[in-house]
Amino acid sequence: MRIAVISDIHSNLPALTRTFEVLDQLGTDRIFCLGDIVGYGPSPNECIALVRERCAAVVKGNHDSGAIGEVPLEHFNTYGKNAIRWTRKHLTRKNAEYLRDLPLLVVQDDITLAHASPLHPEDWRYIFAWPDAHRCFDAFGTRICFIGHTHIPVIVGEDGTVNMFRNDRRYLINVGSVGQARDGNPRASFGLLDTTRNTYEVLRIEYDIEATAAAIFAAGLPDYLAHRLFLGI
Ligand code: ZN
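Before going into details, it helps to say that this report is about the structure given with it. What you see is a predicted model, and the numbers here were worked out from it, not measured in a lab.

What counts and how
- Residues numbered from 1 in each chain as written.
- Predicted model: local features only at pLDDT ≥ 70, side-chain atom pairs only at ≥ 80, totals over all residues.
- Heavy atoms only, no water.
- Helix = DSSP H or I, 4+ residues; strand = E, 2+ residues; numbered from the N terminus.
- Contact = heavy atoms within 4.5 Å.
- Axes fitted to C-alpha atoms, helices over the stretch in contact; angles between N-to-C directions.
- Parallel < 35°, antiparallel > 145°, perpendicular 65-115°, else oblique.
- Left-handed = near helix turned anticlockwise from the far one by under 90°.
- Nonpolar A, V, L, I, M, F, W, Y, C, P; charged D, E, K, R; others polar.
- Donors = N, O, S within 2.8 Å, 3.2 Å for Na, K, Ca; no water.
- Tetrahedral: all angles 85-135°; square planar, octahedral: opposite > 155°, others 65-115°.
- Buried < 20%, exposed > 50% of the residue type's maximum accessible area, 1.4 Å probe, protein only.
- Core = buried A, V, L, I, M, F, W, Y, C linked by side-chain atoms within 4.5 Å.
- Pairing = 2+ DSSP bridges.
- Polar contact = N/O pair within 3.5 Å; in protein donor to acceptor, adjacent residues only side chain to side chain.
- Salt bridge = Lys/Arg side-chain N within 4 Å of Asp/Glu carboxyl O.

Another aspect to go through is the side chain of His63. Mapped onto the elements, His63 comes out in helix α3 (residues 62–67). Contact partners of His63, with chain neighbours within four places excluded, come to His10, Asp36, Val38, Gly39, Tyr40, Phe76, Gly80 and Ile84.

A word on the packing of helix α1 (residues 13–26) against helix α2 (residues 44–54). A packed helix pair is summarised by two numbers, namely the angle formed by the two axes and the spacing between the axes. Where α1 meets α2, the axes come as close as 9 Å, and the angle between the chain directions of the two elements is 20°. With respect to each other, α1 and α2 are oriented roughly parallel. The chirality of how α1 crosses α2 is left-handed. Between α1, through Leu13, Leu16, Thr17, Phe20 and Asp24, and α2, the contact on the second element is made entirely by Glu46, Cys47, Leu50, Val51 and Arg54. Grouping the amino acids of the contact of α1 with α2 by side-chain chemistry returns 6 nonpolar, 1 polar and 3 charged.

Take the coordination of the zinc ion next. Looking at the zinc ion, the protein donor atoms are Asp8 (OD), His10 (NE2), Asp36 (OD) and His151 (NE2), and they sit 2.0 to 2.4 Å from it. Given 4 donor atoms and angles of 86 to 175° at the metal, the environment of the zinc ion is assigned as irregular. Sequence positions of the residues that donate to the zinc ion give the spacing D-x1-H-x25-D-x114-H. Of the two residues, Asp36 sits in the loop between β2 (30–33) and α2 while His151 sits in the loop between β6 (144–147) and β7 (154–157), which places them 115 residues apart along the sequence. Both residues of the pair, Asp36 and His151, count as buried.

Ranked by internal contacts, the top residues of the largest apolar core, which has 39 residues, are Ile6, Ile37, Val51 and Leu99. Top element by residues in this core is α1. It accounts for 5 residues. Beyond its immediate stretch of four places on either side in the chain, Ile37 contacts Ile9, His10, Ser11, Cys47, Ile48, Val51, Val58, Asp64, Tyr98, Leu99 and Leu102. Of all hydrophobic cores here, the second largest spans 18 residues; its members include Ile3, Leu34, Ala57 and Val106.

Our focus in this paragraph is the sheet that holds strand β10 (residues 199–205). The 5 strands are arranged β3-β2-β1-β9-β10 in an open sheet whose pairing can be described as mixed. The sheet is open, and its two borders are formed by β3 (57–58) and β10, each paired with just one other strand. For strand β1 (residues 2–6) and strand β9 (residues 188–194), the ladder comprises 4 bridges, and the chain directions are antiparallel. Across the sheet, residue Ala4 finds its bridge partner in β9, namely Leu192.

So, about the side chain of Asn45. Topologically, Asn45 is positioned in helix α2. Side-chain polar atoms of Asn45 contact the backbone oxygen of His90, separated by 2.9 Å. Only 2.8 Å separates the side chain of Asn45 from the side chain of Asn95, close enough to count as a polar contact. Excluding its chain neighbours within four sequence positions, the residues that come into contact with Asn45 are His90, Leu91, Thr92 and Asn95.

This part covers the pattern of salt bridges. Tallied over the full model, the rule gives 16 salt bridges. Among the ionic pairs, Asp109 bridges to Arg30, the shortest N-O distance being 2.7 Å. Here Asp109, found in the loop between β4 (105–108) and β5 (111–114), pairs with Arg30, found in strand β2; they are 79 residues apart in sequence, far enough to count as distant. The exposure class of Arg30 is partly exposed, given its relative accessible area of 27%. The closest approach of N and O atoms between Lys60 and Glu70, which form a salt bridge, is 3.0 Å. Here Lys60, found in the loop between β3 and α3, pairs with Glu70, found in the loop between α3 and α4 (78–90); they are 10 residues apart in sequence, far enough to count as distant. Lys60 gets classed as buried once you look at its relative accessible area, which sits at 6%. Three or more residues are tied together by salt bridges with common partners; here these are Asp159, Arg166, Asp168 and Arg169.

Note on placement: Ala114 falls in strand β5. Distance from Ala114 to His149, taken between C-alpha atoms, is 9.3 Å for residues 35 residues apart in sequence. Ignoring sequence-local partners within four residues, the contact set of Ala114 consists of Leu34, Val59, Leu104, Leu105, Phe146, Ile147 and Gly148.

Spelled out as structure tokens, the structure:
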């Protein structure tokens, strides 16, 4: 079975559309989404509609939670705050209800899905270092747990290996971000797991950043939210 895992779309419709086009070309059996469908970008309703249509399982991200008032504005940085306010104003009632009802954790096909961490997912902690990653392995019972949140793709093995994938290990895998890469590479990032061949790969694809930037300017969102996309920061 080929499973694609996407995360942190952040209302970036050109990035999400391009990602689904590539996944259709590659052929997948399931697509999972790790949340932060909205926030920062200008197309929250369109992105929710696509994710609802295409993804077999979806978990809630902190920006999804913030957009419906569950996480207070103080928890976001200046740009995040501004975008959350904008998103609250533009989200349809139906889509706000959809975000509200998303689970924090999903277990399916020997895979756990969480936005930030399988350990107390509601705390939205960032996992950047081994001690935090190590603690996560006791919090999930499946072979693999997929996460997003940092927008930086990485594969961490239970034995401390980094960016190696073997079939006899358990893994915590960050798939990176579709709509706002932050590792200096502006391309959209997502993961592809083949459970039959026991392979996992991170895919990086180009999308029309100019189109997203133009929509950010037109929406009246902060210019920086467009500029950062070209740099992948
Ligand atoms: Zn995010």
